[in-house]
Amino acid sequence: MVGFLTLLLHVLFSPFKTRARLEAEIVLLRHQLNVLRRRVPSKPKLATVDRLLFVWLYRLFPSALNAVTIVKPDTIVRWHRMGFRLYWRWKSRSRGGRPKVPIEIRRLIREMSQASPLWGAPRIHGELLKLGYEIAQSTVAKYMVQHGRPGSRQTWKTFVRNHSAGIGAMDFLVVPTINFRLLFVLVILRHERRRLISLSVTDHPTAEWIARRITEAFPWDDAPDCLIRDRDAAYGLAVTRRLAAMGIRDHPIAPRSPWQNGHAERLIGSIRRECLDHIVIFDEAHLRQILAAYAAYYNECRTHLSLDKDSPDRRPIRRLSRLVSRPILGGLHHHYCRI
């Protein structure tokens, strides 16, 4: 900046100098530039002020390009054209137009289109109008998620959720006691909200015993439409007849395919990891007591990721009163509540 001010002072005092003196200074300055170019052959670094000065002089006196030595004349012409484009870009900038759509509305449009893939722009636009958002339908179509495949857009997750109320599952859990005696636990659950229906214990499961447990688990007016099970030999003719009499469709899974009964397998894994792997079982009565306590904890207190951090029996949210902790299974788990 100091050099630019010094140059400006020289320009102001130059009209008071004689022509011979000016020509001598010009010759001397050109010779100094030639000497500097021989000593410093690299490309000089020019500041923005230097470029503006070159462009301004070229604008006033185009013939001044012949006196340029540190840069090429084409470079100054290119700088001038670049400044011309920047100037007219600034002149033609937008000073109005449509107001920007708030990010909350854009996020809401995307959530609606993802949660309801059968909805189009008119349907989402109507919902937004009912919520008090005054935007255009074309804006909704611009920000909604575009689904690739037309026609039926139902996913497997939606299909299973729509039919979960009529699906049940059962499977066996084998538990060793302290004296290496094997006890069998029949696990029965409903796919709807992953609710644990019953945990029945026996040391010798038979088809008749399983049929009685199914009758106790599902009342005649609340039976599921179908029941998923594996191909264990314990499910005999008595089980299939009882299911047919109750109007329940029997769905045995394919051989060596436990993933087809994933809900029951996941529940059995939770029972092992969260309960039985930490407790030594003495006898059948002790196992019934432990499983009863865990079943109450599972249905009433334990939160599930698949239920949006809720419990199968819909645990209410309480924000007032004093917070207390109640131990479950001897402190293996805790139930935090307000009283």
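Residues numbered from 1 in each chain as written. Predicted model: local features only at pLDDT ≥ 70, side-chain atom pairs only at ≥ 80, totals over all residues. Heavy atoms only, no water.

## Remarks on the packing of helix H9 (residues 207-217) against helix H10 (residues 237-245)
- Running from N to C, H9 and H10 point in directions that differ by 25°, and their axes come no closer than 7 Å. Relative to H10, H9 is oriented roughly parallel. Between H9 and H10 lies a crossing of right-handed hand. Here Ala207, Glu208, Ile210, Ala211, Arg212, Ile214 and Thr215 of H9 come into contact with H10, specifically with Ala238, Val239, Arg242 and Leu243.
- Here the contact of H9 with H10 is composed, by residue class, of seven nonpolar, one polar and three charged. (Axes fitted to C-alpha atoms, helices over the stretch in contact; angles between N-to-C directions. Helix = DSSP H or I, 4+ residues; strand = E, 2+ residues; numbered from the N terminus. Parallel < 35°, antiparallel > 145°, perpendicular 65-115°, else oblique. Left-handed = near helix turned anticlockwise from the far one by under 90°. Contact = heavy atoms within 4.5 Å. Nonpolar A, V, L, I, M, F, W, Y, C, P; charged D, E, K, R; others polar.)

## Thoughts on a positive patch on the surface
- A contiguous patch of positive charge, built from Lys100, Arg106, Arg107 and Lys142, is present on the exposed surface.
- Structurally, Lys142 is set in helix H7 (residues 137-143). (Patch = residues over 30% accessible without salt bridge, like charges linked within 9 Å, V, L, I, M, F, W, Y side chains within 5 Å. Areas by Shrake-Rupley, 256 points an atom, 1.4 Å probe, with all protein chains shown as cover. Salt bridge = Lys/Arg side-chain N within 4 Å of Asp/Glu carboxyl O. Lys, Arg positive; Asp, Glu negative; His and termini not counted. Charge placed at Lys NZ, Arg CZ, Asp CG, Glu CD.)

## Some remarks on the nonpolar core
- Core analysis: the biggest nonpolar cluster contains 31 residues, and Val185, Leu276 and Leu287 have the highest contact counts within it.
- At seven residues, helix H12 (residues 284-300) tops the list of elements feeding residues into this core.
- If sequence neighbours within four positions are ignored, Leu276 has contacts with Leu173, Val175, Ile271, Ile281, Leu287 and Leu291. (Core = buried A, V, L, I, M, F, W, Y, C linked by side-chain atoms within 4.5 Å. Buried < 20%, exposed > 50% of the residue type's maximum accessible area, 1.4 Å probe, protein only.)

## Examining the pairing of strand E5 (residues 249-252)
- By the bridge criterion, four bridges tie strand E4 (residues 226-229) to E5 in an arrangement that is parallel. Among the inter-strand pairings, Cys226 is bridged to a residue of E5, identified as Arg249.
- Chirality of the crossover, the property in question, places the unit of E4, H10 and E5 among those that are right-handed. (Pairing = 2+ DSSP bridges. Right-handed = clockwise from strand over helix to strand, strands pointing away.)

## Looking at a nonpolar patch on the surface
- Together, Phe84, Tyr87, Trp88 and Trp90 give the surface a local cluster of nonpolar side chains, amounting to about 490 Å² of exposed area.
- Take Phe84: it is sitting in helix H4 (residues 73-91).
- For Phe84, a relative accessible area of 49% puts it in the partly exposed group.

## A word on the packing of aromatic side chains
- Tallied over the entire structure, the rule returns seven aromatic pairs.
- Between Tyr87 and Trp88, the ring centres sit 5.4 Å apart and the planes meet at 75°, which makes this aromatic pair edge-to-face.
- Given a relative accessible area of 41%, Tyr87 falls into the partly exposed group.
- Through a chain of ring-to-ring contacts, three or more aromatic side chains come together here, namely Phe84, Tyr87, Trp88 and Trp90. (Phe/Tyr/Trp six-rings, centres within 6.5 Å; stacked < 30°, edge-to-face > 60°.)

## Some words on the sheet that holds strand E2 (residues 182-190)
- With mixed pairing, five strands are arranged side by side in an open sheet as E3-E2-E1-E4-E5. Two strands bound the open sheet, and with one partner strand each, they are strand E3 (195-202) and E5. Strand-to-strand, the axes of this sheet are offset by a mean angle of 25°, without reference to chain direction.
- Looking at chain direction, strand E1 (residues 167-176) and E4 are connected through three bridges and run parallel. What sits directly across from Gly168, in E4, is Leu227.
- This element, H9, spans E1, E2, E3 and E4 of the sheet and lies at about 150° to E3.

## Digging into the side chain of His191
- Of note, His191 is situated in the loop between E2 and E3.
- Beyond its immediate sequence surroundings of up to four residues, His191 is in contact with Ser164, Ile167, Gly168, Ala169, Ile228 and His263.

## Thoughts on H9
- Looking at H9, one finds that the buried residues are Ala207, Trp209, Ile210, Ala211, Arg213, Ile214 and Ala217.
- Summarising the contacts, the buried residues of H9 are in contact with E1, E2, E3, E4 and H10.

## A word on unusual backbone geometry
- For Phe180, which is not glycine, the phi dihedral falls at a positive 65°.
- Relative to the elements of secondary structure, Phe180 occurs in the loop between E1 and E2.

## Re the pattern of salt bridges
- Evaluated as defined, the whole model comprises nine salt bridges.
- For Glu284, the salt bridge identified is with Arg181, shortest N-O distance 3.7 Å. Note that Glu284 is positioned in helix H12 and Arg181 in the loop between E1 and E2, a separation of 103 residues in sequence.
- Accessibility expressed as a relative area gives 33% for Arg181, which makes it partly exposed.
- Here Arg288 makes a salt bridge to Glu284, at a shortest N to O gap of 2.4 Å. With Arg288 and Glu284 both in helix H12, this residue pair falls four residues apart, about one helical turn.

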